[in-house]
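Here is how the chains run, residue by residue.
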Amino acid sequence: MTGQPFEEVAHTADLALRVRGVDLAALMLHAAQGMLSLIQAVPAPGQRQTTSIALQSPDRAELLVRWLEELLFRMETQAVAFTAIHVTATGPSGLQATIEEAPLASIGRAIKAVTYHGLAVRETPAGLEATIVFDV
Amino acid sequence: MNKKELHRIAPWQWEIPASYRPDMRVPVHIYADERLIDEALGDRSIEQAVNAATLPGLVGQVVVMPDVHQGYGCPIGGVAATRLSDGVVSPGGIGYDINCGVRLLASRLSFDEAGPYLDDLASALYANCPSGVGVKGSLPLSGKELDRVCRTGSEWALANGYALPSDLDRTEESGRIEGADPSCVSTRAKERGRPQLGTLGAGNHFIEVDVVEQVFDAGAAQTLGLSPGHLAIQIHCGSRGLGHQICSDYVHELQGAVQRYGIRLPDRELVCAPLDSPEGRRYLAAMACAANYAFANRQILTHHVRRSLEGVLAGKVGDWSLRQVYDIAHNMGKIEEHTVDGRLMRVCVHRKGATRAFGPGFAGLPAEYRDLGQPVLVPGSMGTASWVLLGTEESMRRSFGSSCHGAGRVMSRHEAKRSVRGDQLRRELEGRGIRIRAGSMPGLAEEAPQAYKQVDAVVEVVTQAGIARKVARLTPVIVIKG
């Protein structure tokens, strides 16, 4: 794969990430890792719990938005941080993920929403690439 | 876009004709001086405004305010009006923080009288007004109670002892948008909204104590309750997780609607549905719920602010009461009547990072303001001034009764953090007499005044253009950030 799994790109008011992966599963994993690096959630000591998430969407871009939203929703409503994430692709625009959650100790920043602005999952010689804008 | 492609039609107005791109339905009018237009062209704001000009059923022109900056879908600082009969509503064109807005409270307390207590007041406001990432409020709501908040907004706050009747009179739409239907709001949105009522949040949201530094219209200022040298307080926040989730839900839902209605768009974030469609009506009913939640949210924070003043100042100063000047939304879709090409018509005005600025005579204004026009609140950038303006008749002709909403960012958050350290900024501001209470130093750095445009220049443009007029300039003495 050419380039970093994710990198922040300039956006005047909000935050944007370019994410890459050799395949759909890697793209989804790197998008999650990138978003969580922006949020800077710190897990607290305590019991870890493993949860499964299954998503199917009409296309890969929508899958990307729904996947990241799912993580944001769990983080906000369950007050958890993610200590491990495994993703496998299920079809052309689906995924099955296993996430390990820990109680949330602190969080560096809030992300309000994952947007579709300019979003497209593009095929590159090295795999897949997308640029995601987050409303903060 | 190149500056040469813009037509300058006044010293403070530029036009992109509808012929610029084949998919544009109306022109774009940008209000900016030479420097502000260069700043607007420095990111993708204007391209986003051109994209917004492709929405079906647009009338007049897409209007871009001088505080414009790059957003998602529509730019922040954009106004677009669509015909009720054949136009659309676009959730992404309104924004995730539905009814993010500003409230201004005036006091009879002079800076000299309050000066010895400002440090204590800053600490009390920070302690009593829940702020920061993931912070919950002190009013966890049952499902039924949340539905009542969604339906009735500030009226819920009044019924529960968090408001004065005059607060509601001096709130846009009296703090309650009609047509709210909680059955159009998802379980997820309600789950996010239940614990967050009465919280400020983080990011660019704030509570600020200001001094009325300069008055430009003494009569208007007096009517608004603003006196030179006296304190005033601003509250800037929105509909929290409830609004964010409602927007996300409908941006998803309408991805399919645009295909069903055969609508082609240059950006998926602009997805929309006809106003006169089941999907469009459902979104408006859900949006109204978030708008009402946001009005109630700012009202409860107002209660906490009043409680803070009482706790710190009772027995020490003569009068610590706060009179609400006004509360306005700056992310909203509103059904309004406007005259377009000589015809009065009902339209949905999308204001994203723009405030309503109706002129004198508008029946929706409280009686004491009706001859003045609607107050327009323009917060600055933490270390700089804020402005109180009034809407004008000219704003009805030029901008669907809309004006700017703030200073507008010019520097990315990443760049701001690279060039400013939060702790240094705090020291610098405190050296200038601005007391800072903030949950996050990196977060404070992201919101540094250097990251924003010159608010005075923004206000100069809207006043030169005649879409608002100056009443008072405020300068900060306390800033509370999440």
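In what follows, the accompanying structure is described. (Residues numbered from 1 in each chain as written. Chains lettered and ligands numbered in written order. Predicted model: local features only at pLDDT ≥ 70, side-chain atom pairs only at ≥ 80, totals over all residues. Heavy atoms only, no water.)

A word on the overall build of chain A. Along the backbone of chain A there are two helices and nine strands. The helix and strand sequence of chain A, counted from the amino end, reads β-β-α-β-β-α-β-β-β-β-β. Along the first, second and third principal axes, the C-alpha set of chain A runs to 45 × 35 × 25 Å. For chain A, the residues scored as buried account for 56% of the 136 residues in total. Across chain A, every contact between residues at least 6 apart in sequence was considered, and the portion connecting residues at least 24 apart equals 64%. In the form shown here, chain A has an accessible surface area of approximately 5,400 Å², with 51% of it arising from carbon and sulfur atoms. Here chain A holds 9 positive side-chain charges and 14 negative ones, and the gap between their average locations is 2 Å. (Helix = DSSP H or I, 4+ residues; strand = E, 2+ residues; numbered from the N terminus. Buried < 20%, exposed > 50% of the residue type's maximum accessible area, 1.4 Å probe, protein only. Contact = heavy atoms within 4.5 Å. Areas by Shrake-Rupley, 256 points an atom, 1.4 Å probe, with all protein chains shown as cover. Lys, Arg positive; Asp, Glu negative; His and termini not counted. Charge placed at Lys NZ, Arg CZ, Asp CG, Glu CD.)

Quick look at the pattern of salt bridges now. Counted according to the given criterion, the structure contains 49 salt bridges over all chains. The partner of Glu 123 of chain A in a salt bridge is Arg 60 of chain A, and the shortest N-O contact between them spans 3.5 Å. With a gap of 63 residues between them, Glu 123 of chain A in strand S8 (residues 122-124) and Arg 60 of chain A in helix H2 (residues 60-78) connect regions that are remote in the sequence. Arg 60 of chain A sits in the partly exposed class, given a relative accessible area of 24%. For the salt bridge of Asp 167 of chain B with Arg 306 of chain B, the shortest nitrogen-to-oxygen distance reads 2.8 Å. (Salt bridge = Lys/Arg side-chain N within 4 Å of Asp/Glu carboxyl O.)

Turning to the interface of chain B and chain A, a few remarks are in order. Across the contact, 36 residues belong to chain B and 31 residues belong to chain A. Among the residues of chain B in contact with chain A, Val 133, His 252 and Arg 268 of chain B are the three that bury the most area, contributing 23% of the side total. Our count for the contact surface shared by chain B and chain A stands at six salt bridges. Where Arg 268 of chain B meets Glu 62 of chain A, a salt bridge forms, and the shortest distance between an N and an O atom there is 3.9 Å. Those elements giving two or more residues to the side of chain B that touches chain A turn out to be strand S4 (62-72), helix H8 (187-193), helix H10 (240-260) and helix H13 (413-419) of chain B. A per-element tally of the side of chain B that touches chain A places H10 of chain B first, with seven residues. Split into classes, the residues belonging to the side of chain B that touches chain A amount to six nonpolar, 17 polar and 13 charged. (Buried area = accessible area lost by both parts, 1.4 Å probe. Nonpolar A, V, L, I, M, F, W, Y, C, P; charged D, E, K, R; others polar.)

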